[in-house]
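# Residue-level structural notes
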Amino acid sequence: MLKRSSASFRSVLASHDVVRVAGAHHALSGVLAQEAGFQAVWSSSFEVSASRCLPDASILSMTEYLEAAANIQKALDIPVVADCDTGYGGNYNVAHMVHEFEGAGITAVCMEDKLFPKMNSFADGDQTLLSTKAFASKIETAKAVQSSEEFFVIARTEALISGAGLDQAVERCLAYADSGADAVLIHSKAPTKDEVLSFLDRWDQRVPVVIVPTTYPDWHIDDVRDAGVSVVIYANQGMRATLSTLRATYRAIYEAGDTTALEPKIAAVRDIFDLQRMGDWQKLGA
């Protein structure tokens, strides 16, 4: 069957004690994440931008990010969580974003509380935060305009990224939850999980907590679960692995002058056909 019917992110969250999400930038990487067992896919603005060799700095338009997320969702039976940066502008932009992403079958989006245009959290550059009141208003707008009760809005605070500190992170997340956010994402670029654990110690669990352990990779999923985290996003490991593998592969081909030694190490063309569901398409005839 070519038709896909994916569960909503809200229903997936309700049926798992911790939801594991893999970052992707196109349908093929999303399908491989589903194949590995992940319960959802993160349509990563970092990965989508990088796939165009552009910085994750609000350069691409909402339409371009929407196309990437929608193409991933069409290929999956699991939900896509769309990384929507700051909501692409002010409240009007947020309302338009919700309408468009929801209309494309995306059941969850995430917005962060930085100024538009934003700079990637791990890059040098301006990480200035929007005021708590202004971002809470964006959350209220998103929830007010959604068409379905299934639609899920994650409020991401960059308070720890910007250096505003733990108190500010907690205060902001409480305000965002009170403004209707369905979950909060506490983001950190510290080399250990200690900042996030300190946040969790002070969090009252009024809404679920999402983490992105990019810089503290040694936090095992069992310990993540025990700490009270509901969603963990492995946001960019797939693209980073692809970069290493492609670089080594292309270099090996060029240096060897042929692909004989490489062939046993790479996927067969038949494997790609299977991911494309070639057989199902061929049953339809020409």
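Residues numbered from 1 in each chain as written. Predicted model: local features only at pLDDT ≥ 70, side-chain atom pairs only at ≥ 80, totals over all residues. Heavy atoms only, no water.

## Brief notes about the overall build of the protein chain
For the protein chain, the helix and strand inventory stands at 13 helices and eight strands. For the protein chain, whose C-alpha radius of gyration is 20 Å, the value lies close to the compact-globule estimate of 19 Å for 286 residues. Principal axes of the C-alpha set define a box for the protein chain whose edges measure 60 × 40 × 35 Å. Expressed as a percentage of its 286 residues, the buried residues of the protein chain come to 46%. Counting contacts in the protein chain only where the partners sit at least 6 residues apart, residues at least 24 apart contribute 69% of the total. When the accessible surface of the protein chain is summed, it comes to about 13900 Å², and 55% of that surface belongs to carbon and sulfur atoms. Taking the average place of the 25 positive charges on the side chains of the protein chain and the average place of its 37 negative ones, the gap between the two points comes to 3 Å. (Helix = DSSP H or I, 4+ residues; strand = E, 2+ residues; numbered from the N terminus. Rg over C-alpha atoms; globule rule 2.2 N^0.38 Å. Buried < 20%, exposed > 50% of the residue type's maximum accessible area, 1.4 Å probe, protein only. Contact = heavy atoms within 4.5 Å. Areas by Shrake-Rupley, 256 points an atom, 1.4 Å probe, with all protein chains shown as cover. Lys, Arg positive; Asp, Glu negative; His and termini not counted. Charge placed at Lys NZ, Arg CZ, Asp CG, Glu CD.)

## Remarks on the nonpolar core
By size, the foremost hydrophobic cluster in this structure holds 37 residues, and its most contacted members are M97, F101 and V109. Those elements that place two or more of their residues in this core are β1 (19–24), α2 (27–36), α4 (62–74), β3 (80–83), α5 (91–103), β4 (108–112), α6 (132–145) and β5 (152–157). Considering each element in turn, this core owes the most residues, six residues, to α4. When residues no more than four places from it in sequence are discounted, the contact partners of V109 are A82, C84, M97, F101, F151, F152, V153 and I154. If you look at the next biggest cluster of nonpolar residues, it comprises 23 residues, including A169, A177, W203 and V229. (Core = buried A, V, L, I, M, F, W, Y, C linked by side-chain atoms within 4.5 Å.)

## Digging into the environment of G228
By the secondary structure assignment, G228 is in the loop between α10 (221–226) and β8 (231–234). In the structure, G228 is positioned 21 residues away from T249 in sequence and 41 Å away in space, judged by C-alpha atoms.

## Things to note about the packing of aromatic side chains
Summed over the entire model, instances satisfying the criterion amount to seven aromatic pairs. For the pair F199 and W203, a centre-to-centre distance of 5.4 Å together with 20° between the ring planes defines the contact as stacked. Taking the relative accessible area as the measure of exposure, W203 reaches 6% and is therefore buried. Relative to W219, the ring of Y216 lies with its centre 6.1 Å away and its plane at 50°, an arrangement referred to as tilted. Just as Y216 is buried, W219 falls in that class too. Within the aromatic cluster, the residues linked to one another by ring pairs are Y65, Y88 and F101. (Phe/Tyr/Trp six-rings, centres within 6.5 Å; stacked < 30°, edge-to-face > 60°.)

## A few points about helix α8 (residues 166–178)
One turn of an α-helix holds 3.6 residues; hence residues three or four places apart share an orientation. Between its first and last C-alpha atoms α8 spans 18 Å; for 13 residues at 1.5 Å apiece the expected length is 18 Å, and the two agree. By the burial criterion, the buried members of α8 are A169, V170, R172, C173, Y176 and A177. Axial view of α8: buried residues confined to an arc of 165°, hence all on one face. Elements in contact with the buried residues of α8: α6, β5, α7 (159–162), β6 (183–186) and α9 (194–202). Looking at the residues trailing α8, positive phi occurs at G180, about 115°. (Expected span 1.5 Å × (residues − 1). Arc of directions from axis to C-beta.)

These results come straight from atomic positions and should not be treated as a statement about function.
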